Amino acid sequence: MKQSVKRFIKSLTDFKENKEIAKWLYNIGNNYKRYILGFIAINLLTMLLSLVSSIAGKYIVDAATNFSSELFYKYIIIMLVTTVVSIVISFVTGMFTSYVNEKFAFGI
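Our subject in this report is the structure included herewith. (Residues numbered from 1 in each chain as written. Predicted model: local features only at pLDDT ≥ 70, side-chain atom pairs only at ≥ 80, totals over all residues. Heavy atoms only, no water.)

### Quick notes on a nonpolar patch on the surface
Thinking step 1. Residues Leu45, Leu48, Leu51, Val52, Ile55 and Tyr59 make up a contiguous nonpolar surface patch of roughly 510 Å² in combined accessible area.
Thinking step 2. For Val52, the position within the fold is in helix H3 (residues 33-65).
Thinking step 3. The partly exposed category is assigned to Val52, whose relative accessible area is 33%. (Patch = residues over 30% accessible without salt bridge, like charges linked within 9 Å, V, L, I, M, F, W, Y side chains within 5 Å. Areas by Shrake-Rupley, 256 points an atom, 1.4 Å probe, with all protein chains shown as cover. Salt bridge = Lys/Arg side-chain N within 4 Å of Asp/Glu carboxyl O. Helix = DSSP H or I, 4+ residues; strand = E, 2+ residues; numbered from the N terminus. Buried < 20%, exposed > 50% of the residue type's maximum accessible area, 1.4 Å probe, protein only.)

As structure tokens, then:
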């Protein structure tokens, strides 16, 4: 255990090797910038949908405790829509990931 921790710390402090690895990653990733940006965009959208769904869930509980049926159904619909969109995005992300993995695996 001690040996592996020392090896890990040594790898963090070996700046020359880390610089070479960073250059290699940049050169490899340079061809895939739009895919990387696509993954970032999809993950940001997923995060935003999760936030909207959480807020809608909070308002559903508030509407249920206040017996406000108008707001209750409004937030139920918002939550259902965000859930369906999240499922669709999850499917698209899986397909996109498979495509990029195949392209990357045969590109190296």
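Having seen the model, we can carry on.
### Overview of the environment of Ser53
Thinking step 1. When you line up the elements, Ser53 lands in helix H3.
Thinking step 2. The exposure class assigned to Ser53 is buried, which follows from its relative accessible area of 17%.

### A word on the side chain of Thr82
Thinking step 1. Mapped onto the secondary structure, Thr82 falls in helix H4 (residues 69-107).
Thinking step 2. A relative accessible area of 7% means that Thr82 is categorised as buried.
Thinking step 3. Contacts of Thr82, omitting those with residues within four sequence positions, involve Leu49, Val52 and Ser53. (Contact = heavy atoms within 4.5 Å.)

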